[in-house]
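Chain and residue survey
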Amino acid sequence: MCGIVGYVGQRKAVDVVLDGLRRLEYRGYDSAGVALVADGTLGLAKKAGKLANLEASLDEAGLPESTCGIGHTRWATHGVPSDRNAHPHLSADGGVALIHNGIIENFGQLRGELEAEGLHFVSETDTEVAAQLLGREYAIDGDLTEAMTRVCARLEGAFTLLAVAADDPDTVVGARRNSPLVVGVGEGEYFLASDVAAFIAYTTEAIELGQDRIVTITREGLSVRDFHGNPSEGRPYSVDWDLTAAEKGGYETFMRKEINEQPTAVADTLRGRIDGSGQIVLDEVRMSDQDFRDIDKVFIIACGTSYHAGLVTKYAIEHWTRIPCEVELASEFRYRDPVLDRSTLVIAISQSGETMDTLMALRHAKDQKARVLSISNTVGSTIPRESDAVLYTRAGIEVAVASTKAFLTQLAACYLVGLHLAQIRGIMYADEVKAVLDELVATPDKINMLLKDMEPVRDLARASAEFGRVLFIGRHVGYPVALEGALKLKELAYIHAEGFAAGELKHGPISLIEAGTPVIAIVPSPRGRSLLHDKILSNIQEVKARGAKVIAVCEAGDDITGVHADHVIETPASPTLLAPLLTAVPLQEFAAELATALGRDIDQPRNLAKSVTVE
Ligand code: AGP
């Protein structure tokens, strides 16, 4: 959600900034803009729509030759996507340009105050308030860092801000509260960006900034301070993936590439995570073994696909540890007064580590003294930083808006956490844990096998495209997989898709079935809980009796399901609890193919942002 890039160095700033924005496109946006400064001049270009529109307007904009600038891709919150509302925004005298990610909650009050002073606003955005305030403060002493510090003291809400001033052409000043901002450190050049993908082509050296920080970059160096003006420092780290990870590598889309990266991503997430005594190794732990033993309740908080990973985890945690586990949408969690205390473990799952709903739920949990363990794919992001313990997934950068490898790696990490809890609390014997781990470690090869035979899934997807609606049903861990299959299809194909607990159909949703309605049924292994298997076969009969066309995702060799369904998609055999690592994969491919058949942009679906940094 909103991409932010700032640069100062020796290169042509316009090239670096546009390149960075292109690499942040995956975050989702509907307009884009740049501001460049050189020799007392500030040049601005901004356009609604994709980056191509902005690039086409650059000649006409007459931007100065510059080695210092800022750029922005905007995901509209306040004000429609338009040239006028696109960032950067200017101060009243045109001397300062500012870009913003987040929401300034007191913008109405600040705007009223500035208008009363006679300032005129040209956009409907909350951001323009910060630009106008910054211009006013900068006029006092001509120090952009000091001015930004005073502005931040007035703002409420979440924000990353970057600003440049016409008469300070070698400086970019940034600020962050609850929104992402990282620093890239090159030789004689510095970058500021929403995430490292923006500057990975130039440097792998980065600095993580704490909460409520102001950072100033010039060609000579950088300085960090807190919102009170006290000197501070960031945490340097090296990014361990390179440019090729952020490119398509021969695939037509990032989503297809990421689906096919899943065997490696899951294997990487498991690798080296079990020590000699069978304990899992968390990346950052500020909790003792005793803390883990004292836990008497688990809450999982997450959004979207990560929430679905949490739903699967509930089955595993309750089965393996016998600790009660609740799963809650992060956006609902803190508004319903959940009962938490020191012996509650909250597991926050977030690929980006920046999802505002999840972050706010995490903070609510910490306020109630609960312990928080996060599962994230983004080292140095806010959610892991604010957690008591962290287990990073190792999916590598996920560019496509629709999560695929993030989902599978979250499942793998969650299984590890469940087994860790079971072992540390003495609920499972070491050999029982090892038996599950052996199955887990065998899964990447099975995903690989599955991916080799996707053509029948694609055929079924294309054949279902004309219907305009697909329903998904499942039981037990198949239910969250059904929800995930439906989410993928909705977000990519823009058609009605819904996931149901198969047993619930007869309580209402079965009335949606008409002749030819495609229904995808996630069938559990007949070798697992055979009762579950029998029950879903009954549900398949129920929808077939009403005209549905049933596609069953079932275990290879499950001949009984083949008799009842119209089509089967076979997955390799797996223990019941681990099956989602396999059954989710054909649903991802199904959604990608059906959406492609409808001409959709599967990497950047309309209206969506990869990282949702507003509540
Ligand atoms: C699903 O395909 C989406 N990308 C979305 O539901 C996502 O999972 C959700 O916004 C949560 O993101 P997070 O994992 O980065 O917190």
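Quick caveat, the model's predicted, so the values are computed rather than measured. (Residues numbered from 1 in each chain as written. Predicted model: local features only at pLDDT ≥ 70, side-chain atom pairs only at ≥ 80, totals over all residues. Heavy atoms only, no water.)

Moving on to the site of the ligand. As a matter of local geometry, the ligand sits amid 13 residues, with S306, S350, Q351, T355 and E491 nearest to it. A distance of 2.7 Å separates an oxygen atom of the ligand from a polar atom in the backbone of Q351. Note that a nitrogen atom of the ligand is positioned 2.8 Å from one of the backbone N or O atoms of V401. Bound to the protein, the ligand loses 92% of the 410 Å² it would expose on its own. (Near = heavy atom within 4 Å. Polar contact = N/O pair within 3.5 Å; in protein donor to acceptor, adjacent residues only side chain to side chain. Areas by Shrake-Rupley, 256 points an atom, 1.4 Å probe, with all protein chains shown as cover.)

This part covers the packing of helix α9 (residues 304–321) against helix α16 (residues 478–493). As a packed pair, α9 and α16 sit with axes 9 Å apart at the nearest point and diverge in direction by 170°. When the axis of α9 is compared with that of α16, the two are roughly antiparallel. Contacts between α9 and α16 involve G304, T305, H308, L311, V312 and Y315 on the former and, on the latter, Y479, P480, L483, E484, L487 and K488. (Axes fitted to C-alpha atoms, helices over the stretch in contact; angles between N-to-C directions. Helix = DSSP H or I, 4+ residues; strand = E, 2+ residues; numbered from the N terminus. Parallel < 35°, antiparallel > 145°, perpendicular 65-115°, else oblique. Contact = heavy atoms within 4.5 Å.)

Turning next to the sheet that holds strand β1 (residues 3–8). As summarised here, the arrangement of the eight strands in space is β3-β2-β4-β1-β10-β9-β11-β15, forming an open sheet in which the pairing is antiparallel. Each edge of the sheet is formed by a strand with only one pairing partner; in this case those strands are β3 (41–48) and β15 (235–238). Sheet twist, expressed as the average angle between the axes of neighbouring strands with direction ignored, equals 15°. Sheet topology places strand β11 (residues 205–208) next to β15; four bridges connect them, and they run antiparallel. Directly across from E205, in β15, lies its bridge partner S238. Contacts between helix α1 (residues 13–23) and the sheet are confined to β1, β2 (31–38), β4 (68–74) and β10 (190–193), with β4 contributing the most and set at about 25° to the helix. Strand contacts of helix α2 (residues 51–61): β2, β3 and β4, with the helix running at about 140° to β3, the strand carrying the most contacts. (Pairing = 2+ DSSP bridges.)

When cut into domains, the protein chain gives domain 1 (3–246), domain 2 (254–451) and domain 3 (455–597). Each partner contributes to the interface: domain 2 provides 31 residues, whereas domain 3 provides 31 residues. In total, domain 2 and domain 3 occlude about 2,600 Å² of area from one another, counting both sides; carbon and sulfur atoms represent 73% of this. When the buried area of domain 2 at its contact with domain 3 is split by residue, R256, Y315 and L450 rank highest and sum to 25% of it. Applying the counting criterion to the domain 2 and domain 3 interface returns two salt bridges. R256 is paired through a salt bridge with E593; the nearest N and O atoms lie 2.7 Å apart. Our count for the domain 2 to domain 3 interface comes out at ten residue pairs in polar contact (both at pLDDT 80 or more). (Domains from an automatic or database assignment. Buried area = accessible area lost by both parts, 1.4 Å probe. Salt bridge = Lys/Arg side-chain N within 4 Å of Asp/Glu carboxyl O.)

Moving on, we get to the packing of helix α7 (residues 262–270) against helix α13 (residues 405–424). Orientation of α7 relative to α13, taken along the N-to-C sense of each, is 25°, at an axis distance of 9 Å. Here α7 is positioned roughly parallel relative to α13, judged by the angle of their axes. Here the hand of the crossing between α7 and α13 comes out right-handed. The segment α7 lies against α13, with Q262, A265, V266, T269 and L270 engaging K405, L408, T409, A412, A413 and L416. (Left-handed = near helix turned anticlockwise from the far one by under 90°.)

If you walk through the whole model with that rule in mind, you get 44 salt bridges. One salt-bridge network, held together by shared partners, links E113, E117, R136, E137, D141, R150 and R154.

So, about empty space enclosed by the protein. Here the idea is plain: a probe the size of a water molecule rolls over the atoms and shows the empty space left. Summed over all chains, the structure comprises two cavities of 30 Å³ or more. What the largest cavity holds in volume is close to 170 Å³. If you trace the largest cavity, you find 19 residues lining it, with V523, P524, S525, A579 and T583 closest to the centre. Listed by contribution, the elements that provide at least two residues to the lining of the largest cavity are β25 (549–555) and α19 (580–597). Per element, the largest residue contribution to the lining of the largest cavity is three residues, and it comes from α19. Tallied by class, residues from the lining of the largest cavity come to ten nonpolar, seven polar and two charged. One number sums up the size of the second largest cavity: a volume of about 90 Å³. Lining the second largest cavity are 13 residues, with C2, W75, T77, H100 and G102 positioned closest to its centre. When residues in the lining of the second largest cavity are grouped by element, the largest group, three residues, is from strand β6 (residues 96–104). Considered class by class, the residues forming the lining of the second largest cavity number five nonpolar, six polar and two charged. (1 Å grid on protein atoms, 1.4 Å probe; cavity = no way out; pocket = protein on both sides within 12 Å on 5 of 7 lines; lining within 4 Å. Points joined across faces, edges and corners; volume = space filled by probe spheres on them. Nonpolar A, V, L, I, M, F, W, Y, C, P; charged D, E, K, R; others polar.)

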